[in-house]
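Below are the chains, spelled out letter by letter.
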Amino acid sequence: MPKKKLYHLLFFTGFLLAHTAFAQNKAIGIFEGHTDIGKGVKPGAAVYHAAKKEYVISGAGYNIWFDHDEFQFVWKKIKGDFTVSARAAFVGKGVELHRKVGWMARKSLDSSAPHVNAVVHGDGLTSLQFRRTQAAQTEEVKSSITHADVIQLERRGNTYTMRVSRSGRPFVTTEVTDIDLGDEIYVGLFVGSHNPAVLETGVFREVRINTP
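Values in this document were obtained by computation on a predicted structure and should not be read as measured data.

Caption draft 1: Structural detail: the sheet that holds strand S12 (residues 150-156). The sheet built from seven strands is open, its strands ordered S2-S3-S16-S7-S12-S13-S14 with antiparallel pairing. With one partner strand each, in any of the chains shown, strand S2 (45-49) and strand S14 (172-176) form the two edges of the open sheet. Looking at each pair of strands side by side, their axes are set apart by 25° on average, direction ignored. With seven bridges joining them, S12 and strand S13 (residues 159-165) adopt antiparallel strand pairing. By the bridge assignment, Val-150 is partnered in S13 with Ser-165.

Pasting the structure below:
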């Protein structure tokens, strides 16, 4: 390839990569950025509709499980304790029963990073999932209710509490302790499809982030 054409190709490729990185880190609503977690993940998307005060997030990826994750993450860096809350719903019937929507607290944007997430699956399973250390196996505590549509996640030190409810019923609480993600971490909304070839979409309303 002639040097001039090679130069233009490299310049254009670099421009696209820089533009993609900028777009993914651009603020969206109350969040600082959004990105696909994992390598080679089918590109997701995130949009904030100010008039409706809702976030529409689409994500792909094999799963959020085992020793690494793949999904679309809309995040904000928070230092110290917090309480986050949202009303979440899937869009359409979907493809996979274990597609996921929820809140996540994550030590980093690395696919194998320690994390805690409050999640509702496509089949209704509602649970508190967590990875204690880098590349460790994901663990899970299932909630006693299914098909939750209000999801809360709270951090107090190294204790994480999930509160979920369905159709205005009382909240059900699940808790995990001794999860050290560090002081300043990534906190946000996520959607995973449980299928690398498929994008699944979730809608989040009444999104709130509270810090002491």
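Caption draft 2: Seen up close, the nonpolar core. Core analysis: the biggest nonpolar cluster contains 36 residues, and Trp-103, Val-116, Tyr-160, Leu-189 and Phe-204 have the highest contact counts within it. Of all hydrophobic cores here, the second largest spans nine residues; its members include Ile-64, Met-104, Val-119 and Phe-190.

Caption draft 3: Highlighting the sheet that holds strand S9 (residues 115-121). The strand order S1-S6-S15-S8-S9-S10-S11 describes an open sheet built from seven strands, whose pairing is antiparallel. The two strands at the open ends of the sheet, each matched to only one other strand, are strand S1 (33-37) and strand S11 (139-142). Sheet twist, expressed as the mean angle between neighbouring strand axes with direction ignored, is 25°. By the bridge criterion, eight bridges tie strand S6 (residues 71-79) to strand S15 (residues 184-192) in an arrangement that is antiparallel. Counterpart to Lys-79 in the pairing with S15 is Glu-184.

Caption draft 4: Inspection of the confidence of the model for the chain at higher detail. Per-residue confidence for the chain gives a mean pLDDT of 91; residues scoring 70 or more make up 88%. pLDDT under 50 marks residues 3-23. Its contacts with residues more than four places away, or in other chains, come to three contacts.

How each quantity is defined
- Residues numbered from 1 in each chain as written.
- Predicted model: local features only at pLDDT ≥ 70, side-chain atom pairs only at ≥ 80, totals over all residues.
- Heavy atoms only, no water.
- Pairing = 2+ DSSP bridges.
- Helix = DSSP H or I, 4+ residues; strand = E, 2+ residues; numbered from the N terminus.
- Axes fitted to C-alpha atoms, helices over the stretch in contact; angles between N-to-C directions.
- Core = buried A, V, L, I, M, F, W, Y, C linked by side-chain atoms within 4.5 Å.
- Buried < 20%, exposed > 50% of the residue type's maximum accessible area, 1.4 Å probe, protein only.
- pLDDT = per-residue confidence, 0-100.
- Contact = heavy atoms within 4.5 Å.

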